[in-house]
Amino acid sequence: MAGNGRAAFGITGSARPGPPMGNRPMARRVRAGHSERSVYGAGKTTFVRTVATLVPPSGGELRVRGMAAASAVIEMLGLGEVAGRRAGTYSGGQRRRLDLGASLVGAPRLLLLDEPATGLDPAGRAEAWAAVRSLVAAGTDIVLTTHYLEEAGELAGQVVVIDHGKAIAAGGTAELKAGIGRDIIEVALADGSQLGAAAAVLETLTASQAVTDHTGRRVRSQASDGTAQLSAAIAALDNARIPVDEIALRHPTLDEVFLTLTDAKADSLR
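Here the structure is a predicted model, which means the values were calculated and not measured.

Caption draft 1: View of the overall build of the protein chain. The secondary structure content of the protein chain amounts to nine helices and 12 strands. Residue burial in the protein chain is summarised as follows: out of 270 residues, 29% are buried. Sequence separation of 24 or more characterises 58% of the internal contacts of the protein chain that already satisfy a separation of 6 or more. For the protein chain, the accessible surface area stands at approximately 16,500 Å², while carbon and sulfur atoms represent 53% of it.

Caption draft 2: Broad picture of a nonpolar patch on the surface. Nonpolar side chains collect at one region of the surface, where Leu 110, Leu 112 and Val 143 lie side by side and expose about 300 Å² of accessible area between them. Tracing the backbone through its elements, the reader meets Leu 110 in strand S5 (residues 110–114).

Caption draft 3: Quick peek at the packing of aromatic side chains. Using the criterion set out here, one finds zero aromatic pairs in the structure. Sitting over the ring of Tyr 148, Arg 125 keeps its end group 4.9 Å from the ring centre.

Caption draft 4: Local environment of the sheet that holds strand S11 (residues 218–223). Strand order in the open sheet formed by four strands is S10-S11-S9-S12, with antiparallel pairing between adjacent strands. Both edges of this open sheet fall to strand S10 (211–213) and strand S12 (244–250), since each of them pairs with a single strand only. If you compare each strand with its neighbour and ignore which way they point, the axes differ by 15° on average. Of the strands in this sheet, strand S9 (183–189), S11 and S12 touch helix H8 (residues 226–239), which is tilted by about 165° from S12.

Caption draft 5: Region of the structure containing the nonpolar core. In terms of nonpolar packing, the biggest core is built from 15 residues, with Val 187 and Val 219 touching the most fellow members. Breaking this core down by element, the ones donating at least two residues are S9, helix H7 (195–206), S11 and H8. Here the element with the most residues in this core is H7; it accounts for five residues. With residues near it in sequence (within four places) discarded, Val 187 still touches Leu 202, Arg 217, Arg 218, Val 219, Leu 237, Val 244, Glu 246 and Ile 247. Membership of the second largest hydrophobic core comes to nine residues, among which are Leu 149, Ala 152, Val 161 and Val 257.

Caption draft 6: Fine view of the side chain of Glu 256. For Glu 256, the location among the structural elements is in helix H9 (residues 254–269). A polar atom in the side chain of Glu 256 sits 2.9 Å from the backbone nitrogen of Thr 253.

Caption draft 7: Quick peek at helix H4 (residues 122–137). Between the first and last C-alpha of H4 there are 22 Å, a value that for 16 residues agrees with the 22 Å anticipated at 1.5 Å per step. Once H4 finishes, Gly 139 follows within two positions and takes phi at roughly 105°, a positive value.

Caption draft 8: Local environment of the side chain of Glu 151. Following the sequence through the fold, Glu 151 ends up in helix H5 (residues 149–155). We note that Glu 151 is buried and unpaired, the nearest opposite charge coming from Arg 125 at a distance of 5.9 Å. Excluding residues that lie within four positions of it along the chain, Glu 151 makes contacts with Pro 116, Ala 117, Trp 129, Leu 144, Thr 146 and Ala 156.

Caption draft 9: Fine view of the pairing of strand S6 (residues 141–145). As paired elements, S5 and S6 share five bridges and run parallel to each other. Looking across to S6, one finds that Asp 114 is bridged to Thr 145.

Caption draft 10: Geometry of the confidence of the model for the protein chain. When pLDDT is averaged along the protein chain, the result is 75; 74% of the residues meet or exceed 70. Contacts of residues 1–39 to residues separated by more than four positions or lying in other chains number 62 contacts, the stretch itself having pLDDT below 50. Segment residues 266–270 is flagged for pLDDT under 50; beyond a separation of four residues in sequence, or across chains, it makes zero contacts in the model.

Caption draft 11: Quick look at the pattern of salt bridges. Counted by the stated rule, this structure contains six salt bridges. A salt bridge links Arg 250 to Glu 186, with the nearest nitrogen and oxygen atoms 3.3 Å apart. Remark: Glu 186 occurs in strand S9 and Arg 250 occurs in strand S12; sequence separation between them is 64 residues. Looking at Arg 250, the relative accessible area reads 22%, which means it is partly exposed. Judged by relative accessible area, which is 17%, Glu 186 ranks as buried. A salt bridge links Glu 256 to Arg 220; its shortest N-O distance comes to 2.9 Å. Of the two residues, Glu 256 is situated in helix H9 and Arg 220 in strand S11; the sequence distance between them amounts to 36 residues. Linked by salt bridges that have partners in common, Glu 186, Arg 218, Arg 220, Glu 246, Arg 250 and Glu 256 make up one network.

Caption draft 12: Highlighting the packing of H7 against H8. For the pair H7 and H8, the least separation of the axes is 10 Å and the interaxial angle reads 145°. As for the relative orientation of H7 and H8, their crossing is right-handed in sense. Contacts between H7 and H8 pair Ala 198, Val 201, Leu 202, Leu 205 and Thr 206 from the former with Gln 229, Ala 232, Ala 233, Ala 236 and Leu 237 from the latter. Per-class residue counts for the contact of H7 with H8 are eight nonpolar, two polar and no charged.

Definitions and limits used
- Within any chain, residue numbers begin from 1 and follow the written order of that chain's sequence.
- Only residues with pLDDT of at least 70 are given local features in this predicted model, and only at 80 or more are side-chain atom pairs given and counted; all residues enter the totals for whole chains, interfaces and linings.
- Water and hydrogen atoms were dropped before computing side-chain values, which therefore reflect all heavy atoms in the structure.
- Per the convention used, a helix needs a DSSP run of H or I reaching at least four residues, while a strand needs a run of E reaching at least two, with both numbered from the N terminus.
- Each residue is assigned to one of three classes by its accessible area relative to the maximum for its type, calculated with a 1.4 Å probe on protein chains only: buried under 20%, partly exposed between the two thresholds, exposed over 50%.
- Every residue pair with non-hydrogen atoms within 4.5 Å of one another is taken to be in contact.
- Computed with a 1.4 Å probe, the accessible areas rest on the Shrake-Rupley method; for each residue, only the protein chains presented here act as cover.
- In this analysis, a patch consists of residues with relative accessible area above 30% that form no salt bridge, clustered at 9 Å for like charges and at 5 Å for the nonpolar side chains Val, Leu, Ile, Met, Phe, Trp and Tyr.
- Criterion for a salt bridge: a side-chain nitrogen of Lys or Arg within 4 Å of a carboxyl oxygen of Asp or Glu.
- Classification of ring pairs uses Phe, Tyr and Trp, with its six-membered ring standing for Trp, and accepts pairs whose centres are within 6.5 Å; under 30 degrees between planes counts as stacked, over 60 as edge-to-face, and the remaining range as tilted.
- Only Lys NZ and Arg CZ are tested; either one counts as a charge over a ring when it is within 6 Å of the ring centre and within 35 degrees of the ring normal.
- The pairing criterion is simple: DSSP has to find at least two bridges between the two strands.
- Each axis is a line fitted through C-alpha atoms, taken for helices only over the stretch in contact, and angles between the N-to-C directions span 0 to 180 degrees.
- Throughout this description, the term nonpolar core refers to a set of buried Ala, Val, Leu, Ile, Met, Phe, Trp, Tyr and Cys residues connected via side-chain atoms within 4.5 Å.
- Here a polar contact is recorded for every N or O atom pair within 3.5 Å, except that within protein the pair must consist of a potential hydrogen donor and a potential acceptor, and residues adjacent in sequence are included only if both atoms are side-chain atoms.
- The span one expects for a helix is its residue count, reduced by one, times 1.5 Å.
- Here Asp and Glu are counted as negative and Lys and Arg as positive; His is not counted, and neither are the chain ends.
- Values of pLDDT, which run from 0 to 100, indicate the predictor's confidence residue by residue.
- Whether a crossing is left-handed or right-handed is set by the direction in which the near helix is turned from the far one by less than a right angle, anticlockwise for left-handed and clockwise for right-handed.
- Under this grouping Gly is polar, as are all residues other than the nonpolar Ala, Val, Leu, Ile, Met, Phe, Trp, Tyr, Cys and Pro and the charged Asp, Glu, Lys and Arg.

See below:
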């Protein structure tokens, strides 16, 4: 409220005598562009709650900046099919999109999201990611924190890696991957008992420590001369009679970038 009992948001209303507002439909006349003495029960609080989409209009149509207050957000986030249902019936991904929508009613230029996909199953995570992409496409800038490096790779134009409160690297995903300076040779084996032998072959060829994934029967190592070392690895594994299901040369993932960066920082502190 402004001084002298006037409505701060510049509307005036008149209330009809009757029971409290909570027990009857709101009966009022609202005229835009006037700031007259407010009347208890005129509907000022209801007006604000309606603009914020906390309650539906009792009649007519409410528009903000020429747009329906909630319909644009609902359409943007793909919630039209469930808009008439109680939020308690929504899936995890739908509830996360609803949370995002509640932040968008005021059309913010900047939105801060703290681990928006945490606790979601793969389907819910995909829905949350789609919602974030829609917001960016609509012109909202987003600062997003995440422990999921895959999420950063999917959504972020710029990534900042923070370790123990300090930014240790920043750039686009391709730039960060190139910053390691090495591609990855990865081998999938038919026989998991041969992982140790395959790791020894890769370490000899690449002079880099091999990383073994026993569950996936995979071993990988950073390669300074990727193409030549890949050819040499194929020949060496064949000569050692180690059966291979797959072998490939690939760029590092953001997870591998993060581990390389944080391991290098830890080594420098030793």
